[in-house]
Amino acid sequence: MAAKKDNEIDEEELKVDDVPLDEEEDTVVVEVPEDEPTLDDLPGVGPATAEKLREAGFDDMLAIAVMSPSALADAAELGEAVSAKIIAGAKKLANIGGFLSGNALLEKRSEVLKLTTCSVALDELFGGGFETQAICEVYGEFGSGKTQIGHQLAVNATMPISEGGLGGEVFYIDTEDTFRPERISQMARGNGLDPEMVLERIHVARAYNSAHQMLLVDEIKRMAKNIEVKMVIVDSLTSHFRAEFLGRGKLAERQQKLNKHLKELKQLADVSNALVLVTNQVHSKPDAMWGDPTKPIGGHIVGHASTFRLYLRKSKGGRRIGRLVDSPNLPEGEAVFMVTGEGIRD
């Protein structure tokens with residue numbers, strides 16, 4: 001009896017939390033991911049301050065961590081000392097990411113979509129079409145076809161991915177009152193699409209000044225949480241900035257605001273896997289001794305922020321010439337196309 005009792009004790013000792021050791025190997029351990037820290041987790045941030053930060057557009061730790069105290073103080077209407085403390089706390093809580101291998105980036109690039117222009121020549125110039133996760137700048141003098149390309153791509157973006165579209169919603173920021181729903185209907189019929197269905201998926205807002213233009217991007221980011229934003233068009237990017245910030249004394253402020261505007265657009269393109277198309281005005285350099293004196297507005301800020309730059313100019317017989325001026329992976333080249341009643345065609 002004593003031996004039997006010892007055996008029973010040994011068997012009890014072999015159990016951990018009522019599970020025998022020989023069964024413990026089959027136990028599956030599931031790691032529950034920790035919740036992402038919120039604004040309320042920041043030290044010294046109460047409900048009122050958190051609400052101020054959210055109203056200013058700061059809803060994640062990384063966005064706060066990369067700000068300067070003065071910029072955060074101005075944006076959220078806080079004191080600089082409080083802003084500095086909030087930024088220090090955000091740096092500790094934020095997920096700053098890390099380095100990826102070239103293979104991992106190549107795999108991520110497989111998510112990029114290509115949008116057709118309805119012109120074989122233009123599609124070939126862009127390596128298969130305008131790509132998502134990028135800002136494409138289209139510039140040229142008046143009547144060169146900038147707005148026409150914007151309208152055509154807006155129509156095409158509503159088409160299924162299998163047909164060269166993006167299969168999503170389009171947001172059009174109109175700064176010069178150039179958007180025409182009648183033209184959208186013409187191009188939709190030219191593609192064999194239902195004009196009413198296409199117009200339903202294109203959302204247009206008129207921007208009345210540069211501040212309003214920048215706020216509309218914030219509104220698109222907010223709406224992108226509920227609907228699939230696949231294309232954003234700003235026509236044109238620089239008209240309000242050019243009119244409001246006059247003279248060299250205002251140049252630095254203008255460029256800073258343009259830079260911030262473009263950074264917000266690029267972030268939207270990356271997060272939503274969307275294409276951002278911006279049209280740009282041009283000016284002539286009278287001191288140019290040779291070459292084309294036509295230069296885009298915005299200087300190096302716009303040039304560096306744009307992933308692709310397409311320069312449009314008129315040609316004979318109603319043709320347009322598009323020159324790919326800048327691209328991270330494609331050679332310079334030109335494509336000839338026409339603007340017809342049905343849209344962009346070869």
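Per chain, residue numbering runs from 1 following the sequence as it is written. At least 70 in pLDDT is required for a residue's local features to be given in this predicted model, at least 80 for side-chain atom pairs to be given and counted, and no such filter applies to totals for whole chains, interfaces and linings, which use all residues. In computing side-chain values, all of the structure's heavy atoms are included and hydrogens and water are not.

With that out of the way, let us pick up helix H10 (residues 181-190). Using a 1.4 Å probe on the protein chains alone, a residue whose accessible area is under 20% of its type maximum counts as buried, one over 50% counts as exposed, and one in between counts as partly exposed. Only DSSP runs of H or I with at least four residues qualify as helices, and only runs of E with at least two residues qualify as strands; both kinds are numbered from the N terminus onward. Taken together, the buried positions of H10 are Arg-183, Ile-184, Ser-185, Met-187 and Ala-188. Residues count as neighbours in contact if any of their non-hydrogen atoms are within 4.5 Å of one another. In the core, the buried residues of H10 are packed alongside helix H9 (146-157), helix H11 (195-200), strand E7 (202-206), strand E14 (333-340) and strand E15 (343-345).

For side chains bearing opposite charge, pairing can occur when the charged atoms are close. A pair is scored as a salt bridge if a Lys or Arg side-chain nitrogen falls within 4 Å of a carboxyl oxygen belonging to Asp or Glu. Inspection of every chain in the model, using the stated rule, returns 14 salt bridges. The shortest N-O distance in the salt bridge between Lys-114 and Glu-131 comes to 3.2 Å. Here the residue Lys-114 occupies a position in strand E3 (residues 114-115), and Glu-131 occupies one in strand E4 (residues 130-131), the gap between them amounting to 17 residues. Residue classification places Lys-114 among the partly exposed residues on the basis of a relative accessible area of 32%.

Known as pLDDT, the predictor's confidence for each residue is given on a scale from 0 to 100. When pLDDT is averaged along the chain, the result is 87, and 89% of the positions lie at 70 or above. In the model, residues 13-17 has pLDDT below 50 throughout and makes five contacts with residues more than four positions away in sequence or in other chains. Below a pLDDT of 50 lies the segment residues 29-33, which in the model reaches zero contacts outside its immediate sequence neighbourhood of four places, other chains included.

To continue, consider the packing of aromatic side chains. Pairs were defined over the aromatic rings of Phe, Tyr and Trp, the Trp ring being its six-membered one, requiring ring centres within 6.5 Å. Orientation was assigned from the angle between planes: stacked under 30 degrees, edge-to-face over 60, tilted for the rest. Under the defined criterion, the tally for this structure stands at five aromatic pairs. Taken together, a centroid distance of 5.1 Å and an interplanar angle of 10° make the contact between Tyr-139 and Tyr-311 stacked. One end of the pair, Tyr-139, is in strand E5 (residues 134-140); the other, Tyr-311, is in strand E12 (residues 308-314), with 172 residues separating them in the sequence. By relative accessible area, which is 10% here, Tyr-311 ends up buried. Each member of the aromatic cluster is reached from another via a ring pair, and the members are Phe-126, Phe-130 and Phe-308.

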